[in-house]
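# Chains, contacts and geometry: an overview
Spelled out, the chains give:
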Amino acid sequence: MNKLSTSLILLLIVLMTNLTSCANVLEQQPVLTLTGQWLVDEEEQLLVDPQPSGLTFWQDRLVMISDASANITQVKKLHFFDPSTGERAFASPQYDIAEGLATPCFTQYLNTKPDLEALIKDPHNANGFITVTEDASVLGQLSQTCQQQFRATHSTAYPTVLVRLDWDGEKLLVTGTRAVQFPKSARVGNFPNDGIEGLAYYNNRLYLSLEKDSHYRAQIFTTSLDDKFWQQADFVRVETWDASLPNLHQGDSKLIPHPINGTDIVTYRGVNWLVAAARNDNQLWLVDLDNKQTTKVVELRYLAPNRLPNRSFDSSCAQYSVMNNASLEGVAINGDDVYLVNDPWKKNYWKNTQCASTRPAYHHLMSGLLFKTDIATLFRYARDISAQ
């Protein structure tokens, strides 16, 4: 055998060894398994079609808000849960709209069945919360004057609107609204149902996470949020945050969106991280607010109980089943604890049915689940995006 043949054989052996090593690494990518518990009402019955779209932590309770696709009994109110059990302690009444808002332009839409997404505490009001509107394409109407004032959204025809809520223990009030103007250069596009779905706050900055732009990519925007924010009637002009987000298209001929559907912020080992739920990919993304650390990805798998609260159980079924489609929508962090809630995707939720006794939850009630983990566990399962 000549030297050239020997060299080629050695090269092939090295290549095959490297390919095998890469395959083994892919097979060994860690997956964090989360076990859910059913969200129930005050009578420990499954919540009827809650469609959770935002989650935050406030005064030892988880607080949830519902989107426009939820049952009419769930919308335009805040739901307060025991974080250890997933049982709703109480819900607020549906909100009223306070007099004297800086602009009345969005009152009509907020009085319909608005699509509210994301929820955070108001950093300047101990009893306040902030949410945001998404798809107002059907129900939202603007007067001619308001159309002129808020025409330049650089996104949808009806603007994205930040909404401040105030809860005094008895009444829930809308006490502030601000329309959002995106940068032209961001090319957000006109996608009413793919707008802002994540809000987070840190160090006087509000972070707004967009599901999908005109290139089918998630984006994150930011703006300052001070105590004068809600006194202004004009656009809030957000800036593009140059965050390092996973590029998951990988040369696909058909672009598939990889949206962000819920966010919160945590400090871990001296670094401030945005924790983002990438619902279509069953992942959490961990993004350094200072853009110094590499963005990390946590692969998720979800287990749901086959035993429904206060309902008969088929003993031939396993106690838990791996979910086919979870669709995370809410992230809330309290200390070291990370809480996640899903938004049942009506088109796909039935695919989770592996036991006849769970049909009511997946086919009719569209019941939500609460998942819990901790920060240290997230980082133990995290990998750098460069390792994808």
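These numbers come from a predicted model, not from an experiment.

Attention now goes to the pattern of salt bridges. Summed over the entire model, instances satisfying the criterion amount to 12 salt bridges. For the salt bridge of Asp-234 with Arg-178, the shortest nitrogen-to-oxygen distance reads 3.5 Å. With Asp-234 in the loop between strand 14 (219–224) and strand 15 (236–237) and Arg-178 in strand 11 (residues 172–181), this pair connects stretches of sequence that are 56 residues apart. Since its relative accessible area comes to 35%, Asp-234 is described here as partly exposed. According to the relative accessible area criterion, Arg-178 is buried, its value standing at 3%. If you follow the salt bridges from partner to partner, you end up with Arg-178, Asp-234 and Arg-237 in one network.

Taken in spatial order, the four strands of this open sheet run 3-4-5-6, and their pairing is antiparallel. Each edge of the sheet is formed by a strand with only one pairing partner; in this case those strands are strand 3 (52–58) and strand 6 (87–91). Across the sheet, the axes of successive neighbouring strands diverge by a mean angle of 30°, strand direction being ignored. In this sheet, strand 4 (residues 61–66) lies alongside strand 3 in antiparallel orientation, the contact comprising six bridges. Across the sheet, residue Phe-57 finds its bridge partner in strand 4, namely Leu-62.

Along the chain, Ser-66 turns up in strand 4. Classification of Ser-66 by relative accessible area gives buried; the value is 2%. A polar atom in the side chain of Ser-66 sits 2.6 Å from the backbone oxygen of Pro-50.

Let us now look at the state of the cysteines. The final tally for this structure, using the stated rule, is two disulfides. Among the cysteines of the protein chain that take part in disulfides, numbered as they appear in the sequence, the pairing is 1-2, 3-4.

Glancing now at the nonpolar core. For soluble globular proteins, the rule of thumb is that nonpolar side chains tend to be buried together. Leu-284 and Met-323 are the most contacted members of the largest nonpolar core, which has 36 residues in total. Those residues within four positions of Met-323 in sequence are excluded, and the remaining contacts are Tyr-302, Leu-303, Ala-304, Asn-342, Tyr-349, Asn-352, Tyr-362, Leu-369 and Phe-371. Core analysis: the next-biggest nonpolar cluster, separate from the first, contains 26 residues, Phe-80, Tyr-158, Val-161 and Val-174 among them.

Before going further, it helps to examine empty space enclosed by the protein. Under the criterion given, the structure shown has four cavities of 30 Å³ or more. By volume, the largest cavity amounts to about 90 Å³. Surrounding the largest cavity, 14 residues form its lining, Ser-155, Thr-156, Thr-160, Phe-191 and Gly-195 being those nearest its centre. Split into classes, the residues belonging to the lining of the largest cavity amount to six nonpolar, five polar and three charged.

An order of 2-24-23-22 is seen for the four strands of this open sheet, with the pairing classed as antiparallel. Pairing within the sheet leaves two strands with one partner each, and these edge strands are strand 2 (37–38) and strand 22 (328–334). The pairing of strand 2 with strand 24 (residues 369–374) spans two bridges and is classified as antiparallel. Bridge pairing in strand 24 places Gln-37 opposite Leu-370.

What counts and what doesn't
Residues numbered from 1 in each chain as written. Predicted model: local features only at pLDDT ≥ 70, side-chain atom pairs only at ≥ 80, totals over all residues. Heavy atoms only, no water. Salt bridge = Lys/Arg side-chain N within 4 Å of Asp/Glu carboxyl O. Helix = DSSP H or I, 4+ residues; strand = E, 2+ residues; numbered from the N terminus. Buried < 20%, exposed > 50% of the residue type's maximum accessible area, 1.4 Å probe, protein only. Pairing = 2+ DSSP bridges. Axes fitted to C-alpha atoms, helices over the stretch in contact; angles between N-to-C directions. Polar contact = N/O pair within 3.5 Å; in protein donor to acceptor, adjacent residues only side chain to side chain. Disulfide = S-S within 2.5 Å. Core = buried A, V, L, I, M, F, W, Y, C linked by side-chain atoms within 4.5 Å. Contact = heavy atoms within 4.5 Å. 1 Å grid on protein atoms, 1.4 Å probe; cavity = no way out; pocket = protein on both sides within 12 Å on 5 of 7 lines; lining within 4 Å. Points joined across faces, edges and corners; volume = space filled by probe spheres on them. Nonpolar A, V, L, I, M, F, W, Y, C, P; charged D, E, K, R; others polar.

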